[in-house]
Amino acid sequence: QVQLVESGGGSVEPGGSLRLSCAASGFTFSSYVVSWHRQAPGKERELVASISNLGSNRSYAASVKGRFTISRDNAKNTVYLQMNSLKPEDTAVYYCKTFRGSISYWGQGTQVTVSS
């Protein structure tokens, strides 16, 4: 029922930019906190950024602060992650997530590769 679909990943050179999108369906999108996570090869999944239900409260991992921006358009049921000044260490599969109580919902992920 609940579905999150990421898109916008790709391959870019260091210093480049990408904007990821997370399109949601099957639930009242505006009632949920949404977060972005990433998982690089051989590493655990980590929290990248999160945004409150109305978009007024945003938080970021220290490694991406100042470079990434999370936003949401509740009218379009979509959360975005604008990624600037990309570094090779940003290479990972990026996932969006939401939760209600103890139940978590994950997208399928989108690959971001930063290399020269």
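Source: prediction; values computed, not measured.

Rules and cut-offs
- Residues numbered from 1 in each chain as written.
- Predicted model: local features only at pLDDT ≥ 70, side-chain atom pairs only at ≥ 80, totals over all residues.
- Heavy atoms only, no water.
- Helix = DSSP H or I, 4+ residues; strand = E, 2+ residues; numbered from the N terminus.
- Buried < 20%, exposed > 50% of the residue type's maximum accessible area, 1.4 Å probe, protein only.
- Polar contact = N/O pair within 3.5 Å; in protein donor to acceptor, adjacent residues only side chain to side chain.
- Contact = heavy atoms within 4.5 Å.
- Salt bridge = Lys/Arg side-chain N within 4 Å of Asp/Glu carboxyl O.
- Disulfide = S-S within 2.5 Å.

Visitor: So what's going on with the side chain of Thr110? Residues and values would help.
Guide: Among the secondary structure elements, Thr110 is positioned in strand β11 (residues 110–114). Residue classification places Thr110 among the buried residues on the basis of a relative accessible area of 10%. There is a polar contact of 3.2 Å between the side chain of Thr110 and the backbone nitrogen of Gly9. In this structure, Thr110 is in contact with Glu6, Ser7, Gly8, Gly9, Leu20, Ala92, Val93 and Tyr94, ignoring residues within four places of it in sequence.

Visitor: Which residues make up the pattern of salt bridges, and what are the values?
Guide: Enumeration according to the criterion identifies 3 salt bridges in this entry. In this structure, Glu46 engages Arg38 in a salt bridge whose closest nitrogen and oxygen atoms are separated by 2.8 Å. Note that Asp90 is salt-bridged to Arg67, the shortest N-O span being 2.7 Å. Here the residue Asp90 occupies a position in the loop between β8 (78–83) and β9 (92–100), and Arg67 occupies one in the loop between β6 (58–60) and β7 (68–73), the gap between them amounting to 23 residues. You can call Asp90 buried: its relative accessible area is 0%. Overlapping salt bridges, with partners in common, bring together Arg38, Glu46, Arg67 and Asp90 in one network.

Visitor: Residues and numbers for the state of the cysteines, please.
Guide: In this structure the tally under the stated criterion is 1 disulfide. The disulfide partner of Cys22 is Cys96, and the S-S distance across this bridge is 2.1 Å. With the S-S dihedral at roughly 65 degrees, the linkage between Cys22 and Cys96 falls on the right-handed side. Note that Cys22 is positioned in strand β3 (residues 18–25) and Cys96 in strand β9, a separation of 74 residues in sequence. When sorted by exposure, Cys22 lands in the same class as Cys96, which is buried.

Visitor: Requested: an account of unusual backbone geometry, with residues and values cited.
Guide: For Asn77, which is not a glycine, the phi torsion comes out positive at approximately 55 degrees. Checked against the element boundaries, Asn77 lands in the loop between β7 and β8. Positive phi is not limited to glycine here, since Ser85 has a value of about 50 degrees. Since its relative accessible area comes to 39%, Ser85 is described here as partly exposed.

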